[in-house]
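Spelled out, the chains give:
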Amino acid sequence: MDQMDGTADTPELKQLYADFEANNLAPLWTQRDDLMPMAPAPQAIPFIWRWKTLFDIAERSGELVPVGRGGERRAIGLANPGLPGTAYATPTLWCAIQYLGGHETAPEHRHSQNAFRFVVEGEGVWTVVNGDPVAMRRGDLLLTPGWNYHGHHNDTDQPMAWIDGLDVPFSHYADVGFFEFGSERVTDEASPDVSRAERLWAHPGLRPLSGLEDQTSSPLSAYRWEHTDRALTEQLRLEDEGYPATVEQGHAAIRYTNPTTGGDVMPTLRCEFHRLRAGAETPTRHEVGSSVWQVFEGDGTVVLGGTEHRVETGDLFAVPSWVPWSLHADTQFDLFRFNDGPIIDRLQFTRTYVPGQRNEDLA
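Keep in mind that what you see is a predicted model, and the values were worked out from it rather than measured.

**A look at the domain arrangement of the chain**
- According to the domain assignment, the chain contains domain 1 (47-205) and domain 2 (223-353).
- For domain 1 versus domain 2, the separation of C-alpha centres amounts to 22 Å.
- For the pairing of domain 1 and domain 2, the buried interface totals around 3,100 Å² over both sides, and the portion due to carbon and sulfur atoms is 66%.
- Its largest share of buried area at the contact with domain 2, domain 1 owes to Leu93, Arg138 and Leu141, together 19% of the area lost on that side.

As structure tokens, this is what we get:
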């Protein structure tokens, strides 16, 4: 045999390969390119889901499929075409549009998987996390860390939809999942403007002495749009005044953080918000790890793997590992992003490559 390609050209070699198969063995030399590629070769593909289509389908689901025990949620997962047989947006991230009709209640449950909700439009629903009712409004990020009981109730006669993000694929692959049913409704049907978690934790730079122990996930259940918007606005104002404040020219961005550690809001999920001025664009980036973006407001284009896509408010897109991406803003362009960064960082797999720039982590 001239090369280690699995070619069986003698009776002895044919028997060897037959014995591999009979004994559930797989020699590395026949699969090295699959197991150890020269660079990430994701099965997931870059893909766009259009909000108008998603909302129409969710609305029809609301008319035909009741919320209740069993399915638990009227949530419709974004299934990446490169990952057939799954409802995964990427190999580590699950994303869905969830729809709750007027005066409906999604019963409480809890699970090992970490979850969040991001609201692109609407209000009137409260998510109840461990008995604490948290208002959901446009632009808000709401957290449900793993093993926290949670349910949702709509206090209005109008439906509402939002996106859910979870680490379901990673948890499934690692076999770490547990699930428990909770209350048939929610444990507190109140609808306060401010949750108890916010009253305790949502004071910039201030930490209660009653909560000095670091927590794995953020104890702050809601990150409100007014604070996100103000932070991005001030970054761009500082840039106008000549001070360093933005990621790059015309590109403001924030990362939502755990107030007890300064790290990510949850151990497996990273959440960010990006704003580009009209006319601004980002350089092309390759990143290890995958992400899902949602356009919050404005119009622009995203280039994924060399293909340009126009996107508008509500549209979602998946960026698999190492697929090059860039953004261009036609108007002010606001985007929410989540990814598997905490996992990638903790395992020391982090790499970013920007063509034409010095890339220290690739040296």
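**Examining the pattern of salt bridges**
- Taken as a whole, this structure holds 27 salt bridges when the rule is applied.
- In this structure, Arg285 and Glu248 form a salt bridge, with 2.9 Å as the shortest nitrogen-oxygen distance. Here Arg285 is found in the loop between strand E14 (270-276) and strand E15 (286-287), whereas its partner Glu248 is found in the loop between helix H6 (225-240) and strand E13 (251-255), with 37 residues between them in sequence.
- By relative accessible area, which is 14% here, Arg285 ends up buried.
- Residue class for Glu248 comes out buried when judged on its relative accessible area of 16%.
- Where Glu287 meets Arg337, a salt bridge forms, and the shortest distance between an N and an O atom there is 2.5 Å. Within this pair, whereas Glu287 is found in strand E15, its partner Arg337 is found in strand E21 (residues 333-339), the two being separated by 50 residues in sequence. Across the pair, exposure class does not vary: Glu287 and Arg337 are buried alike.
- Salt bridges sharing common partners tie together Arg255, Glu272, Glu287 and Arg337.

**A look at the sheet that holds E14**
- The strand order E1-E19-E16-E21-E14-E13 describes an open sheet built from six strands, whose pairing is antiparallel. A strand with exactly one partner marks an edge of an open sheet, and here the two such strands are strand E1 (47-49) and E13. Here the strands of the sheet are splayed against their neighbours by 20 degrees on average, with no regard to which way each runs.
- Summarising the sheet, strand E16 (residues 291-297) and E21 pair through six bridges and their orientation is antiparallel. The partner of Gln294 across the bridge, within E21, is Phe336.
- Where H6 meets the sheet, it contacts E13, E14, E16 and E21, and its direction lies at approximately 140 degrees from that of E13.

**Describing the packing of aromatic side chains**
- Applying the stated criterion to the full structure yields 19 aromatic pairs.
- Ring centres of Phe118 and Phe296 lie 5.8 Å apart, and the angle between their planes is 65 degrees; on these two criteria the pair is classed as edge-to-face. With a gap of 178 residues between them, Phe118 in strand E5 (residues 115-118) and Phe296 in strand E16 connect regions that are remote in the sequence.
- Given the relative accessible area of 1%, Phe296 is considered buried.

**Focus: the layout of surface pockets**
- Roughly 1,000 Å³ of volume is contained in the largest pocket.
- Contributing to the lining of the largest pocket are 32 residues, with Pro40, Pro91, Thr92, Ser321 and Ile344 lying nearest its centre.
- Listed by contribution, the elements that provide at least two residues to the lining of the largest pocket are helix H2 (32-35), helix H4 (168-174) and helix H7 (341-346).
- If one sorts the elements of the lining of the largest pocket by residue count, H4 sits on top with three residues.
- Residues of the lining of the largest pocket, tallied by class, amount to 23 nonpolar, six polar and three charged.
- There are two domains that each give the lining of the largest pocket at least three residues, and those are domain 1 (47-205) and domain 2 (223-353).
- Reported here for the second largest pocket is a volume of approximately 600 Å³.
- Forming the boundary of the second largest pocket are 25 residues, of which Ala202, Pro204, Leu220, Tyr223 and His227 lie nearest the centre.

Conventions adopted
Residues numbered from 1 in each chain as written. Predicted model: local features only at pLDDT ≥ 70, side-chain atom pairs only at ≥ 80, totals over all residues. Heavy atoms only, no water. Domains from an automatic or database assignment. Buried area = accessible area lost by both parts, 1.4 Å probe. Salt bridge = Lys/Arg side-chain N within 4 Å of Asp/Glu carboxyl O. Helix = DSSP H or I, 4+ residues; strand = E, 2+ residues; numbered from the N terminus. Buried < 20%, exposed > 50% of the residue type's maximum accessible area, 1.4 Å probe, protein only. Pairing = 2+ DSSP bridges. Axes fitted to C-alpha atoms, helices over the stretch in contact; angles between N-to-C directions. Contact = heavy atoms within 4.5 Å. Phe/Tyr/Trp six-rings, centres within 6.5 Å; stacked < 30°, edge-to-face > 60°. 1 Å grid on protein atoms, 1.4 Å probe; cavity = no way out; pocket = protein on both sides within 12 Å on 5 of 7 lines; lining within 4 Å. Points joined across faces, edges and corners; volume = space filled by probe spheres on them. Nonpolar A, V, L, I, M, F, W, Y, C, P; charged D, E, K, R; others polar.

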